[in-house]
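Understanding the architecture of this molecule
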Amino acid sequence: MQAFLPRLEIALTQIQENARLLCALYGQKGISLMGVSKAVLGDPAIVAAMLRGGVRFIADSRLENIQKMQAAGLVTQFVLLRTALSQAEAVVQSVDISLNTELETLRKLSYYAQAQQKQHQVIVMVEMGDLREGVLPGDLAPFIKETVALPHLKLVGLGCNLACYGGIKPDERNMQALSTLVNRIEQAFQLRLTVISGGNSANYEWYQATPAVGRINNLRLGEAILLGRETVSRKAIPGLHTHAFQLIAEVIESKQKPSLPFGTRGQDAFGHVPSFPDRGLRQRAILALGRQDVLVSGLTPHNQQLAILGSSSDHLLLDSEQHPLRVGDEVTFDLDYGALLAAMTSPFIRKQWLQGSSPAATSQPC
Ligand SMILES: *Cc1c(COP(=O)(O)O)cnc(C)c1O
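In short, a report on the structure. What you are looking at is a predicted structure, and each value in this text was computed from that prediction instead of being measured.

Reading guide: rules and limits
Residues numbered from 1 in each chain as written. Predicted model: local features only at pLDDT ≥ 70, side-chain atom pairs only at ≥ 80, totals over all residues. Heavy atoms only, no water. Near = heavy atom within 4 Å. Polar contact = N/O pair within 3.5 Å; in protein donor to acceptor, adjacent residues only side chain to side chain. Areas by Shrake-Rupley, 256 points an atom, 1.4 Å probe, with all protein chains shown as cover. Nonpolar A, V, L, I, M, F, W, Y, C, P; charged D, E, K, R; others polar. Salt bridge = Lys/Arg side-chain N within 4 Å of Asp/Glu carboxyl O. Helix = DSSP H or I, 4+ residues; strand = E, 2+ residues; numbered from the N terminus. Buried < 20%, exposed > 50% of the residue type's maximum accessible area, 1.4 Å probe, protein only. Axes fitted to C-alpha atoms, helices over the stretch in contact; angles between N-to-C directions. Parallel < 35°, antiparallel > 145°, perpendicular 65-115°, else oblique. Left-handed = near helix turned anticlockwise from the far one by under 90°. Contact = heavy atoms within 4.5 Å.

**Structural notes on the site of the ligand**
Around the ligand sit 13 residues, and of these Lys 38, Ser 201, Arg 220, Gly 222 and Glu 223 come closest. Contacts to the ligand include Arg 132, whose side-chain N or O atom sits 3.0 Å from an oxygen atom. A distance of 2.9 Å separates an oxygen atom of the ligand from a polar atom in the backbone of Glu 223. If the ligand stood free it would expose 390 Å²; the protein chains cover 94% of that surface. Its residues assigned to classes, the shell around the ligand comprises four nonpolar, four polar and five charged.

Now the structure itself:
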């Protein structure tokens, strides 16, 4: 088999095992999981691995990704994490449940649900302090009153999202506040909310520490499944695989050069005036990989003797003094979430799915 470079190797079995372990962990306290597929652009093979691992829903922020998964034949409940007014008609067509924060959008969804003779399910997101999406708690009751009056929508739950913009952690206080809001809304409107989606991969520490999850019965997990980490301090979750994705690039130049650039100083390719420590002559290598492909700051070389010196659009520079490289050699990196997002999106990086020896049996949905 020809090795394509650069390539992203994806260990599907490890992703499946991560999903299965997280389903078992959160399932202990009655929490179901949405596998979040946006970082991998709804890649059908990866999403199928999440489903084999037992996630009950697949959630994505992009309608196009959901449509791609459906076209690939994946069957599950699809959740749209980010709903735009202009897409309302297609949302009703392709998505089972959408997350919402605007009445104007909900009215449009109801309108198109009527036109398509459907009932569209919605989760209303509540602002719990991170200041990304969400209806402020003080506005929630009137918002819900109008939502439940829309005839072709079914309000299935409430949710919140933390640790994305404001860096606010999920904790006892904001999770209990969400539970309290759920109870109040159910009482005030005489209804039963079935999906209480308390957050994302950042909810791990809260979950481990909490004596009671309250009404929270769902989480939406991307990074924890894909990279095996929680996202408050990016610690590895015990038992999970953290190397399911590996980026491999090719050495195209390897030479001994001075560590100090020579000539008259001006700007680099990205408008900065760089400065360098003088470390004398060093062995350095250039990889055919650059900022157009990946978030270079999110890469970690597997070989700890290699150090990233810098990068431009198409070139990545390594100090290889401790580990000499030859032209044509392959260099392997771990990726963080930002690097994974970019690498999955780059048309220049070949994706290669590794099957491994995965048990054929499908886990029970949790
Ligand atoms: C991206 C996203 C998630 C998943 O976040 P992870 O940190 O990858 O678990 C969950 N919910 C919403 C609304 C999102 O946009």
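**With respect to the pattern of salt bridges**
Side chains that differ in charge, positive against negative, can pair when their charged atoms come close. Within the structure shown, the criterion is met by eleven salt bridges. One salt bridge in this structure joins Arg 132 and Glu 133, with 2.6 Å as the shortest N-O distance. Across the salt bridge formed by Lys 235 and Glu 205, the nearest N and O atoms sit 3.6 Å from each other. A residue pair is termed long-range when its members are at least 10 positions apart, and Lys 235 in the loop between α9 (223–227) and β10 (245–258) and Glu 205 in helix α8 (residues 204–209) qualify at 30 residues. By relative accessible area, which is 31% here, Glu 205 ends up partly exposed.

**A closer look at the packing of helix α6 (residues 140–148) against helix α7 (residues 172–189)**
In contact at an axis separation of 11 Å, α6 and α7 are set at 50 degrees when each is read in the N-to-C sense. The angle between α6 and α7 places the two elements in the oblique class. α6 and α7 meet at a crossing whose hand is right-handed. Of the residues in α7, those in contact with Leu 140, Ala 141, Ile 144, Lys 145 and Val 148 of α6 are Leu 181, Ile 185 and Phe 189. Among the residues making up the contact of α6 with α7, the classes are represented as seven nonpolar, no polar and one charged.

Interpretation in functional terms is not warranted from these geometric data alone.
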